[in-house]
Amino acid sequence: MKKQNDFPAWWCRIWIKPILAVGYLAAVLWAAPNALAADKKILCVFDPSGKNGDLFKMVEDYKQHAATLGVDFDLKPYTKESAAIDDLKAKKCHAVAVTGTRARAVNKGVGTLEAMGAIPDEQHVEKLIKVVGGQKAAQFWTGGATDPYEVAAVLPGGPVYLFVRDRKINTVEKLAGKKIATFDNDEAAKTMVNNIKARVVSADETSFASKFNNGEVDACYAPAVAYGPLELKKGMGTEGGVARYPIAQFIYTILIQKSEFPSEFAGKSRGYAVAKFKKIYDGIRAAEKNIPASAWIDIPEKDKKDYDLMFQKVRVELRDKGIYDKGVLRMMKNGVRCVIDKNRPECVDKGGESAL
Amino acid sequence: MGLNVEQKSRHPKNAWVKSATYVALFGIMGCGFSACSLGKMTGNFMSSFATEHVLPYTMTTRDLRLACASGESQANSLLAFGRVMDAPPHLAAIGALQSAGTCMELAAREAELRRLRATFEGRPTLAIDEHTVAKQTHAQAATRFYAAWKHAEAVFGEIGSRCPENAEDELAYLLALTSGLLAVSHDGDARHAAGVPREILPQAMRGSECLDNHKWWGVPAAIRVMVWLGVPGALPEGVDPWAVLADSTALGDAAGVYVARAFAAQAANAYGQPQLLCSQIHSFGEQLTSANADSRYALLNEVAAQTVWHELNKLWMESKGYRAQSNTLECYWDETNERISLEPLPSPDEDEPQF
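Residues numbered from 1 in each chain as written. Chains lettered and ligands numbered in written order. Predicted model: local features only at pLDDT ≥ 70, side-chain atom pairs only at ≥ 80, totals over all residues.

Concerning the overall build of chain A
- Within chain A one finds 16 helices and 10 strands.
- Of all 356 residues assigned to chain A, the portion counted as buried reaches 44%.
- Restricting to contacts in chain A with at least 6 residues of sequence separation, those with at least 24 account for 75%. (Helix = DSSP H or I, 4+ residues; strand = E, 2+ residues; numbered from the N terminus. Buried ≥ 20, exposed ≤ 12 C-beta atoms within 10 Å, placed from the backbone. Contact = placed C-beta atoms within 7 Å.)

Spelled out as C-alpha cells, the structure:
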C-alpha cells in the first residue's frame, strides 16, 4: 500500500531528469536556428554600382543559400574595394565579397584563379568552379592554422576581353608598342603588358573607359558587362572590336573571418557556385549578347597558340614574383585544362615544370 | 405617356443609328479620298485621345493600382492599331507601357517583402522561392519598361542624340527616361533575364539634358545622379552627386512634385547612406502632409510615396518581420550604432544619470 502511494514520487524521480534533459535539448534545438537568425553576420560587398550592381545582386542570391546553412548575412554595400578589405581586417565586417585581384592580399590562392590566359572558355570555367568546390582544393582556401580568413565562395564574374580601337591589332606581335589602359593595382596585367612590349598607361575602373573612348590608349581590357554602360563602342568605332579570346576570367570571391562562423560553414558554402553555375553564367552570357556580332574579332587557332605561349610566360613570371600561387596554377593546369584536353602541348610535355 | 416613353426610347436609338451612318459615310468617303480606313481614323483618334486626355487625366489621380490596370488594359489595344496604321501610336504607348510596368513593379516589391519576411522567420527555403518569384516579376517589369523606352526611341530617335521638338512631348520624354532607368534596374534584379542593354544609362543621362531641371521638378538632374552613381567613371570631376540630389529634392518640394525624392531614397539605400535614407523618409513624411502637393501630378507623387514607402517597408521587414505601420513614415538614425532604428531613440537623459 505504501509502495502504491509512493508510485508517483519514485516514477518522477526516475524520469524527471531525462524528461527535463530531452525538453532542454528540444528547446535548445528549436532555439538554435532562431538564435542564428538573430545573430546576423555583416557581409561587406564591393560593387562600384552599389546595391544596383550585378556583383551585389550575385551576393544577394548567395545570401539566400547561406541562410539554408544557418548563417544570416546582412549585406553592406561598398563602392571602394580597398575600404571593404580594410574593414574586414578591422573586424568591422565578418565577411567581404571582393574581386580576385583584391582578394590576393588576403588569400594568394583565390587571386591566382584570375591568372592570365589560364581559363579560355565557359567549359573550362565550369570545370574550374567544380574543382574549386571539391575537397582536394580545400587546402588552398582554408589557409594555415593561424590564418584568420577562409574563402567561402568563388563566383564566376565572366571573361575579361581585350577591346581594341583597330581590329587589325589581333596578334601578340601587333600589340607591341601599343598603349594599353592598365589598372594601377593589377600587377599581373602590368607584367603581361610589359611582356608583349606594349606600353602601360595607368588607369583605374573610373578612367579606363574614357581613356579608351577618347583615343588616349589603343586598347583596354574589361568584362563584357562593361561594354554597354561605359559605351566602349565609342572607342571601338567602326574600325575596332573585341578579341574573342579571354585574357583572364574575372573572379568574385567571399572571404570570411573563420572565428565568426561554424567550422564547417565555408566548406559547405563553397559548393554554392558548383550547384548554381548554369544560373550564374546565364547572366554573363546575356551581358555578352549586348556586344553586336560584328564587333567580335575571331582569333585564328595559330594565333591562339601564340597567345597561350605568351600567357604561359606571364604566369611563370608572376609565380616567380610570388604573385600567383604555384599550387593553384598547377591545379588549373592538371585539374582543368589537361582534363578537358589532354592533348594540349602543356599536358603532353610532362617535363615542362614551368609550363603552368 | 406610353407614347412619350416609346418616343423617348426610340428617339435616342434613331439618333445613334443616324450618327453611326454619318460617321460610316464620312469614313468611307474619307477613305476613298485619302486612301485611309476606319481603322486608321480610329487609331489616330485613340492615339491623340490617349496623349491629350488619358495621360493628363491619369496624372491627376492617386489610385496607382487603377492607373497600372489601365495601362495593362490599354497597351495591347493601342499597339494593335499598328496593324492598320502606318505605325503604332508610339507616343501613346509610352505612358500605357510605363503604367503596365508599374503593375509588375508593385508585384515584385510584394515578393521582395515576402522574401524578407521568410528570412526573418527563419524559413530559408520559402525565402529562396519568394526570391525566385521576385526575380521573375522583375523580368516582366523590365520588359514592359524597356518596351516603353523602345517606343520613345521610335518617336524621338536615339535618346540623348535628339531632343523633343515641342514642349507638349516633354512629359512623355521624361516618362521615357525614367522607364529606361527602371528597365535597367529591374533587369538587374532579374539577373539580365529581360536582356535590357545597359547603354540605356548613358543615353538617359544625355537625354536628361534636353529637359529644364527647374521646369521638371529637379528630376532631370536626379536622373543624371543615378547614372553618375551607377556607372564607374560617369561622375564629372568636382561634382558632388549628393549635393545635386539635395538641390533636386528641394526643387521638387518647392514645386510640389516629389519624384526626385524617390530617386534620393533609392540612391541613399543603394550606396550605403542610411542616414540620408532616414532623413529622406522623415522629411518626405512632412511633405506628404503639407498642402503644397501639385494636384495635376498626384499620380507621380503617389509613385514617389510608394517608392520611399517600399524602402521603409524593407527596413521594417528585415528588423521586425512586418511592414511599416500605416501613417508612419519614420525611422531614426543612431550614430553610435551606425544603424537605422525604427523606434524613437532614447534621449541621453534617460540613459545617463545627471551629475
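Moving on from the model shown.
Topic: the overall build of chain B
- In terms of helices and strands, chain B carries 13 helices and 2 strands.
- Relative to its full complement of 355 residues, chain B shows a buried share of 45%.
- Within chain B, counting contacts between residues at least 6 apart in sequence, those at least 24 apart form 67% of the total.

Describing the confidence of the model for chain B
Residues and elements named next belong to chain B.
- Overall, the predicted model of chain B reaches an average pLDDT of 86, with 82% of residues at or above 70.
- A low-confidence stretch, residues 1-10 (pLDDT under 50), is modelled with 0 contacts involving residues beyond four sequence positions or located in other chains.
- ipTM for the predicted complex: 0.81, alongside a pTM of 0.84. (pLDDT = per-residue confidence, 0-100.)

Focus on the nonpolar core
- One finds Val96, Val154, Phe163, Cys220 and Leu255 of chain A together with Ala176 and Ala267 of chain B to be the most contacted residues of the largest nonpolar core, which totals 198 residues.
- Broken down by element, the residue count for this core peaks at 13 residues, all from helix α5 (residues 124-156) of chain B.
- Ignoring any residue separated from it by four or fewer positions in sequence, one finds cysteine 220 of chain A in contact with Phe163, Ile180, Ala181, Phe208 and Phe212 of chain A. (Core = buried A, V, L, I, M, F, W, Y, C linked by C-beta atoms within 7 Å.)

Examining helix α15 (residues 326-340) of chain A
Residue and element names in this part refer to chain A.
- Under the 1.5 Å per step criterion, the end-to-end length of α15 is 20 Å for 15 residues, consistent within 8% with the ideal 21 Å.
- Of all the bends in α15, the greatest, near 25°, is centred on lysine 333.
- Val328, Leu329, Met331, Met332, Lys333, Val336 and Arg337 are the residues of α15 that are buried.
- The secondary structure elements touched by the buried residues of α15 are α5 (108-112), α6 (122-133), α7 (138-142), α14 (301-320) and α16 (345-348). (Expected span 1.5 Å × (residues − 1). Bend = angle between axes of the 7 residues up to and from the residue.)

Points about the pairing of strand β5 (residues 179-183) of chain A
Residues and elements named next belong to chain A.
- Strand direction decides the pairing type here: β5 and strand β6 (residues 199-203), joined by 5 bridges, are parallel. Looking across to β6, one finds that isoleucine 180 is bridged to valine 200.
- Remark: the β5/helix α9 (residues 187-195)/β6 crossover connection has right-handed handedness. (Pairing = 2+ DSSP bridges. Right-handed = clockwise from strand over helix to strand, strands pointing away.)

Some words on the interface of chain A and chain B
- If you look at the interface, chain A gives 30 residues, while chain B gives 27 residues.
- Put simply, the parts of the chain that give the side of chain A that touches chain B at least two residues each are α1 (2-38), α2 (54-68), β2 (73-78), α10 (208-213) and α13 (271-289) of chain A.
- The greatest single-element share of the side of chain A that touches chain B, amounting to 5 residues, is contributed by α2 of chain A.
- Residues that form the side of chain A that touches chain B fall into these classes: 10 nonpolar, 13 polar and 7 charged. (Nonpolar A, V, L, I, M, F, W, Y, C, P; charged D, E, K, R; others polar.)

Notes on helix α6 (residues 170-189) of chain B
Residues and elements named next belong to chain B.
- Here α6 is 20 residues long and its end C-alpha atoms lie 29 Å apart, about the 28 Å a rise of 1.5 Å per residue gives.
- In terms of burial, α6 is a largely internal element, 19 of the 20 residues being buried.
- Count one or two residues on from α6 and you reach arginine 191, which has phi positive near 60°.

Considering the confidence of the model for chain A
Residue and element names in this part refer to chain A.
- This prediction gives chain A a mean pLDDT of 88; 87% of its residues lie at or above 70.
- The low-confidence segment residues 1-5, where pLDDT is below 50, has 0 contacts with residues more than four positions distant or belonging to other chains.
- Every residue in residues 22-38 is under pLDDT 50, and counting partners more than four places away or in other chains gives 8 contacts.

What to know about the environment of glutamate 122 of chain A
All names here are of chain A.
- Along the chain, the position of glutamate 122 falls in helix α6.
- When the 17 C-beta atoms within 10 Å are taken as the criterion, glutamate 122 is described as partly exposed.
- Residues glutamate 122 and arginine 285, 163 residues apart in the sequence, show an inter-C-alpha distance of 9.6 Å.

Some thoughts on unusual backbone geometry
- In the Ramachandran plot, glutamate 231 of chain A falls in the positive-phi region, its phi being about 50° despite a non-glycine side chain.
- Locating glutamate 231 of chain A in the fold gives a position in the loop between β7 (219-223) and α11 (232-236).
- Even without glycine at this site, tryptophan 217 of chain B takes up a positive phi of about 60°.
- Here tryptophan 217 of chain B falls in the buried class, since 26 other C-beta atoms lie within 10 Å of it.

So, the pairing of strand β9 (residues 248-257) of chain A
All names here are of chain A.
- Judged by how many residues are buried, β9 sits mostly within the fold: 9 of 10 residues are covered.
- Here strand β4 (residues 149-164) pairs with β9 via 10 bridges, running antiparallel. Its bridge partner being in β9, proline 159 is matched across the sheet by glutamine 249.

Quick notes on the environment of leucine 55 of chain A
All names here are of chain A.
- When you line up the elements, leucine 55 lands in helix α2.
- Since 22 C-beta atoms lie within 10 Å of it, leucine 55 is described here as buried.
- It is 24 Å that separates the C-alpha atoms of leucine 55 and alanine 243, two residues lying 188 residues apart in sequence.
- Excluding its chain neighbours within four sequence positions, the residues that come into contact with leucine 55 are Phe46, Asp47 and Tyr252.

With respect to the packing of helix α4 (residues 90-120) of chain B against α6 of chain B
Residue and element names in this part refer to chain B.
- Orientation of α4 relative to α6, taken along the N-to-C sense of each, is 35°, at an axis distance of 10 Å. Viewed along their axes, α4 and α6 form a crossing whose handedness is left-handed. Residues Leu91, Ile94, Gly95, Gln98, Gly101 and Glu105 of α4 form the contact with α6, whose participating residues are Ala172, Leu175, Ala176, Ser179, Leu182 and His186.
- Broken down by class, the residue content of the contact of α4 with α6 amounts to 6 nonpolar, 5 polar and 1 charged. (Axes fitted to C-alpha atoms, helices over the stretch in contact; angles between N-to-C directions. Left-handed = near helix turned anticlockwise from the far one by under 90°.)

Overview of the environment of alanine 176 of chain A
Residues and elements named next belong to chain A.
- Mapped onto the elements, alanine 176 comes out in the loop between α8 (172-175) and β5.
- Classification of alanine 176 as exposed rests on a count of 12 C-beta atoms within 10 Å.
- Spatially, the C-alpha atoms of alanine 176 and tyrosine 245 are 18 Å apart, while their sequence positions differ by 69 residues.
- If we skip the residues at most four places from it in the chain, alanine 176 touches Ile196, Lys197 and Ala198.

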